[in-house]
Amino acid sequence: MFCRTCGAKMADDAQLCEQCGTAVTRQGTVQAPNGTTTETERVPAPEAAPAQGGTRPRKTASKKLAVLCAAGALIIIAAVVCLSLFTGGQGGSASPYQDANLNNGGFFAYDDSRLYFIADYSEDDKKKSLYSTDYSGNQKTLLASATDIIRIRAIDGKLYYQESNDLYSIGEMTTDGKDKRTIVEFEHIAEKYNVANGHLYYLTDSKLHVCSLSGENDRILAENARAFVLHGDSVYYATEDEIYSLDLKNDQKAPLCKASKASDLVIADKDLYYMVADDGLYRVPLKGDGTSTQIIRDSSIARYTFYGNDIYYIQEIDDDTREALAAYISSSDDDTYLYEIALIGCGSIYQASNSGGRGSEVDSDQMFVFSLFTSPDGLYCKTSAFSDSIVKVQLES
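All values reported here derive from a predicted model rather than from experimental measurement. (Residues numbered from 1 in each chain as written. Predicted model: local features only at pLDDT ≥ 70, side-chain atom pairs only at ≥ 80, totals over all residues. Heavy atoms only, no water.)

(A) Quick peek at the pairing of strand 21 (residues 301-307). Burial within strand 21 is extensive, with six of its seven residues counted as buried. As paired strands, strand 21 and strand 22 (residues 310-316) are joined by five bridges and run antiparallel to one another. Bridge assignment links Tyr304 to a residue of strand 22, and that residue is Tyr313. Counted between consecutive antiparallel strands, the loop separating strand 21 from strand 22 contains two residues, among which Gly308 sits at a positive phi close to 65°. (Buried < 20%, exposed > 50% of the residue type's maximum accessible area, 1.4 Å probe, protein only. Helix = DSSP H or I, 4+ residues; strand = E, 2+ residues; numbered from the N terminus. Pairing = 2+ DSSP bridges.)

Written out as C-alpha cells, the structure reads:
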C-alpha cells in the first residue's frame, strides 16, 4: 500500500510510514500492484534504492507540502489533458548541458546572461510562448506569443528554433526575438539540430543533413542515423547497431563502437555518452579501442542530463505504479483515466556520479517530472507532457 501523506510504498502491515512518520489509517488505503519484476538490477519506482556505498536519502517532513503541491499540479494537468482531449489538443563543441537540453525536448536553453523558455508566459495563456528571463527569474521578456516554435538552441548570440506549421522548419532570430527568418524547411520533425562553422546540421527522416545558414547547398552526410552530436571538426552519429565518427574536413568515416539502438548522444570530458532504451546509460572514449562501459544500469531510465560532477536522470514509473497512483489521487473513474494519461512518461529524479554506479533518488520539491533541463544555475523540469510550464527544481540538502 501507499502512504496517503507522502505517497511512499509501505508494507501491508506497517503502522507508520518510514518516510514521513504518518500513522497508517487502514480504511481507504490503496494496495500496491501485485506484479513483481524479475530484473534484478532494476530499481522500482517510486520507491528509491540506496546509493552505492551509502544509504537512501531520508524524506523530510517538508515532503508533505511538496506532495500536496504536486497533487494540486496534477489536478491542473488533468484539466489541461481533459481540454486537449476534446480540442485536439553552443555551436560545434557545445556544453553537454546544451546537447542534453535538446535531447530532452528542447523547451529550454540559456546563454551567458539569459534563460529561454517555450512555456506559458502567464497563467491565462491558452498556448505556449517563447520568452526569456535573467538568471534570477526577473526581467521577463516575451519574444514570441502563441508560437508554433517547438525547440530552441542558443548559439553565438542567436536563437535557433524549430517550428511546426504546414511543414517543419529551422530558423534563427536574435536573442531579443527580432530578425526572425527561416533557414530550411522539411516534411517531418528534426530529432536534433546544431550550428557550427557557418553551417546547420539537422536530423530528419533518419538522414543527417548539412546546409549553409542561408539554406543553400543542402546535402546528406549520413543515412540510417538515429542521433548525432557535434564535437570540434567531427560529427558522431548512431545507426541501429553502431556509432560512427565523421571527420567534417575530409569526409572520413570511422566506427567508434558497437551500440544497439543508441540514442541521446552527449559528449562530456572527451567521452561520448549514449542511452539504450530498457537498459541504461553507456560511455565510450572518443579516442580508444571502441570499448563502451555501462555506467548506469537501470531499465527504467528515460532521460538524462549533467549538473556539476553528477548525472541526473528520470526513472520512469511503470504501468502498474502509474495506475495505482492515479487511482489513489482521483475521486472518480474519469479522473483516474485523466491522471493516468498525465503521468505517462513521468518519473522520479535520480542522481549518480559521473564515474557511474547505481543512482539514488533525489530529495526535491518535484515528486514526478517529464523532462529535465540544465543551466549553470541549476536544474529545471517540465512536470508533464501535457503541461506547458517549466519550473526550477529545488534540491533539498
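Read on, since the account is not over.
(B) View of the packing of aromatic side chains. Under the definition given, this model contains 14 aromatic pairs. Here Tyr97 and Tyr307 contribute two aromatic rings whose centre-to-centre distance is 6.3 Å and whose plane-to-plane angle is 35°, an arrangement assigned as tilted. Of the two residues, Tyr97 sits in helix 2 (residues 96-103) while Tyr307 sits in strand 21, which places them 210 residues apart along the sequence. On the accessibility criterion, Tyr97 (15% relative accessible area) is buried. (Phe/Tyr/Trp six-rings, centres within 6.5 Å; stacked < 30°, edge-to-face > 60°.)

(C) Structural detail: the pairing of strand 19 (residues 280-285). Of all six residues that make up strand 19, five are buried, and the element is covered over most of its length. Two strands pair when backbone bridges link them, and strand 18 (residues 271-276) and strand 19 are joined in this way by six bridges, in the antiparallel orientation. Considered in strand 19, the bridge of Tyr274 is made with Tyr282. Where strand 18 hands over to strand 19, the hairpin turn is made up of three residues, of which Asp278 adopts a positive phi near 60°. Note: strand 19 against strand 20 (residues 293-297), four bridges, orientation antiparallel. Across the sheet, Tyr282 pairs through a bridge with Gln294, a residue of strand 20.

(D) Highlighting the nonpolar core. Grouped together as the largest cluster of nonpolar side chains are 38 residues, with contacts concentrated most on Leu130, Leu281 and Tyr304. Considering every element that reaches this core, the biggest residue donor is strand 2 (residues 114-119), with five residues. Setting aside residues no more than four positions away along its own chain, Leu281 makes contact with Tyr273, Tyr274, Met275, Thr293, Gln294, Ile295, Ile296, Ile301, Tyr304 and Ile311. (Core = buried A, V, L, I, M, F, W, Y, C linked by side-chain atoms within 4.5 Å. Contact = heavy atoms within 4.5 Å.)

(E) The arrangement of the sheet that holds strand 25 (residues 371-375) in detail. The sheet built from three strands is open, its strands ordered 25-26-27 with antiparallel pairing. Of all strands in the sheet, those with a lone pairing partner are strand 25 and strand 27 (390-392), marking the two edges. For this sheet, the mean inter-axis angle between neighbouring strands, taken without regard to orientation, is 30°. Two elements, strand 25 and strand 26 (residues 378-382), share five bridges in a ladder whose sense is antiparallel. Each residue of the ladder has a partner; that of Leu372, found in strand 26, is Cys381. (Axes fitted to C-alpha atoms, helices over the stretch in contact; angles between N-to-C directions.)

(F) Local environment of unusual backbone geometry. In the Ramachandran plot, Asp156 falls in the positive-phi region, its phi being about 50° despite a non-glycine side chain. According to the relative accessible area criterion, Asp156 is exposed, its value standing at 67%. In the Ramachandran plot, Asp269 falls in the positive-phi region, its phi being about 55° despite a non-glycine side chain. Tracing the sequence through the fold places Asp269 in the loop between strand 17 (262-268) and strand 18.

(G) Inspection of the side chain of Ser263 at higher detail. Secondary-structure assignment places Ser263 in strand 17. Assessed through its relative accessible area of 18%, Ser263 is described here as buried. Side chain to side chain, Ser263 and Asp264 meet in a polar contact 2.8 Å long. Not counting the four nearest positions on each side in its chain, Ser263 is found in contact with Arg226, Ala227, Tyr274 and Met275. (Polar contact = N/O pair within 3.5 Å; in protein donor to acceptor, adjacent residues only side chain to side chain.)

(H) Representation of the environment of Asp241 within the structure. Looking at where Asp241 falls in the secondary structure, it is placed in the loop between strand 14 (234-238) and strand 15 (242-247). Residues Asp241 and Ala259, spaced 18 residues apart in sequence, show a C-alpha to C-alpha distance of 5.0 Å. With residues near it in sequence (within four places) discarded, Asp241 still touches Lys258, Ala259 and Ser260.

(I) The arrangement of the sheet that holds strand 12 (residues 219-223) in detail. The strand order across the open sheet formed by four strands is 9-10-11-12, and the pairing between neighbours is antiparallel. Looking at strand neighbours, the two that pair on one side only are strand 9 (190-196) and strand 12, the edges of this open sheet. On average, each strand axis in the sheet is tilted by 20° relative to the strand beside it, whichever way the strands run. Here strand 10 (residues 199-204) runs beside strand 11 (residues 207-212); their pairing, made up of six bridges, is antiparallel.

(J) Up close: the packing of helix 3 (residues 319-329) against helix 4 (residues 333-342). In contact at an axis separation of 8 Å, helix 3 and helix 4 are set at 135° when each is read in the N-to-C sense. Between helix 3 and helix 4, the angle falls in the class oblique. In this structure, the crossing between helix 3 and helix 4 has a hand that is right-handed. Along its contact with helix 3, which presents Arg322, Glu323, Ala326, Ala327 and Ile329, the element helix 4 presents Thr336, Tyr339 and Glu340. (Parallel < 35°, antiparallel > 145°, perpendicular 65-115°, else oblique. Left-handed = near helix turned anticlockwise from the far one by under 90°.)

Just geometry here; none of it tells us what the structure is for.
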